[in-house]
Amino acid sequence: ETGVTQSPTHLIKTRGQQVTLRCSSQSGHNTVSWYQQALGQGPQFIFQYYREEENGRGNFPPRFSGLQFPNYSSELNVNALELDDSALYLCASSLAGVQNYVYTFGSGTRLTVV
Amino acid sequence: GNSVTQMEGPVTLSEEAFLTINCTYTATGYPSLFWYVQYPGEGLQLLLKATKADDKGSNKGFEATYRKETTSFHLEKGSVQVSDSAVYFCALSVSAGNQFYFGTGTSLTVIP
């Protein structure tokens, strides 16, 4: 059983650019959540995708958007990057409808905006 | 709103010492409570959870009891090991399957 895989592991972007982060969910999971973890802070919920649709969103502007694909993998897109977007972005997969709170987190993508 | 406040770090302990990391919460509704652990370069791993008042979550020698009257979920371990060195996050969820609210994390270093 594979876990959650995120790519790339690190990247550096310039302010104003756009970035796409990718996440492959754990086998058997159908829901993907994205979190932003700034340095020294706890993860903050960005949004969740279920059945290829957004299923809940945190306090993030519309320039943060996402996709979920039929194989349950997901992308996080961030437009017009700002310096404050520098963070570790975590993806977590789970199985909807099973109330055991089993979420599998990936190791994250470290984004640096310069 | 929903939020978690946890003990500021970093915490440094000698091996076999007793560990307590404090966590308190505010929540709309009836939350479930969690402790996650993050080892260097890795993602978050669920350490333990409790879904109703007075429940005790436990795993790998760690314990935490859901105290509704004090809105707390303190993490304890009787004898820490070097391998317990990590960052510990307290978290809550108010609806199954949806978002977690995390504390800021407490870094623990255990020295031999």
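Refer to the structure printed above.
Only a predicted model underlies this, so the values are computations on that prediction, with no experimental measurement involved.

**Q** Explanation requested: the overall build of chain B in the structure shown.
**A** For chain B, the helix and strand inventory stands at 0 helices and 12 strands. For chain B, the α and β elements follow one another from N to C terminus as β-β-β-β-β-β-β-β-β-β-β-β. Radius of gyration (C-alpha) of chain B: 13 Å, near the 13 Å computed for a compact globule of 112 residues. Along the first, second and third principal axes, the C-alpha set of chain B runs to 45 × 30 × 20 Å. Among the 112 residues that make up chain B, the fraction classed as buried is 43%.

**Q** Looking at this structure, I do not really get the interface of chain B and chain A. What am I missing?
**A** Tallying the contact residues gives 22 residues for chain B and 18 residues for chain A. When chain B packs against chain A, the two sides together hide about 1600 Å² of surface, and 55% of this comes from carbon and sulfur. The interface formed by chain B and chain A includes 2 residue pairs in polar contact (both at pLDDT 80 or more). It is strand E5 (residues 32–38) of chain B that provides the largest number of residues to the side of chain B that touches chain A, a total of 4 residues. Counted by class, the side of chain B that touches chain A contains 8 nonpolar, 12 polar and 2 charged residues.

**Q** Could you clarify how one ought to interpret unusual backbone geometry in this entry?
**A** Excluding glycine, most residues fall at negative phi; most peptide bonds, likewise, are trans. Residue A:Ser7 is joined to A:Pro8 through a cis peptide bond whose omega torsion reads -10°. With respect to the secondary-structure elements, A:Pro8 resides in the loop between strand E1 (5–7) and strand E2 (10–13). Its identity is not glycine, yet A:Ala80 carries a phi of approximately 45°, on the positive side. Counting through the fold element by element, A:Ala80 comes out in the loop between strand E8 (74–78) and strand E9 (87–94). The phi dihedral of B:Lys60 is positive, around 55°, even though this residue is not glycine. Secondary-structure assignment places B:Lys60 in the loop between strand E7 (56–59) and strand E8 (62–65).

**Q** Is there a simple way to think about the state of the cysteines in this case?
**A** By definition, a disulfide links the sulfur atoms of two cysteine residues through a covalent bond. Residue and element names in this part refer to chain A. The full count for this structure, using the stated rule, is 2 disulfides over all chains. Through a disulfide, Cys23 is tied to Cys91; the S-S separation comes to 1.8 Å. Looking down the S-S bond of the Cys23 and Cys91 bridge, the torsion is -60°, so its handedness is left-handed. Of this pair, Cys23 sits in strand E3 (residues 19–24) while Cys91 sits in strand E9; the two residues are 68 residues apart in sequence, bridging distant segments of the chain. When sorted by exposure, Cys23 lands in the same class as Cys91, which is buried.

How each quantity is defined
Residues numbered from 1 in each chain as written. Chains lettered and ligands numbered in written order. Predicted model: local features only at pLDDT ≥ 70, side-chain atom pairs only at ≥ 80, totals over all residues. Heavy atoms only, no water. Helix = DSSP H or I, 4+ residues; strand = E, 2+ residues; numbered from the N terminus. Rg over C-alpha atoms; globule rule 2.2 N^0.38 Å. Buried < 20%, exposed > 50% of the residue type's maximum accessible area, 1.4 Å probe, protein only. Contact = heavy atoms within 4.5 Å. Buried area = accessible area lost by both parts, 1.4 Å probe. Polar contact = N/O pair within 3.5 Å; in protein donor to acceptor, adjacent residues only side chain to side chain. Nonpolar A, V, L, I, M, F, W, Y, C, P; charged D, E, K, R; others polar. Disulfide = S-S within 2.5 Å.

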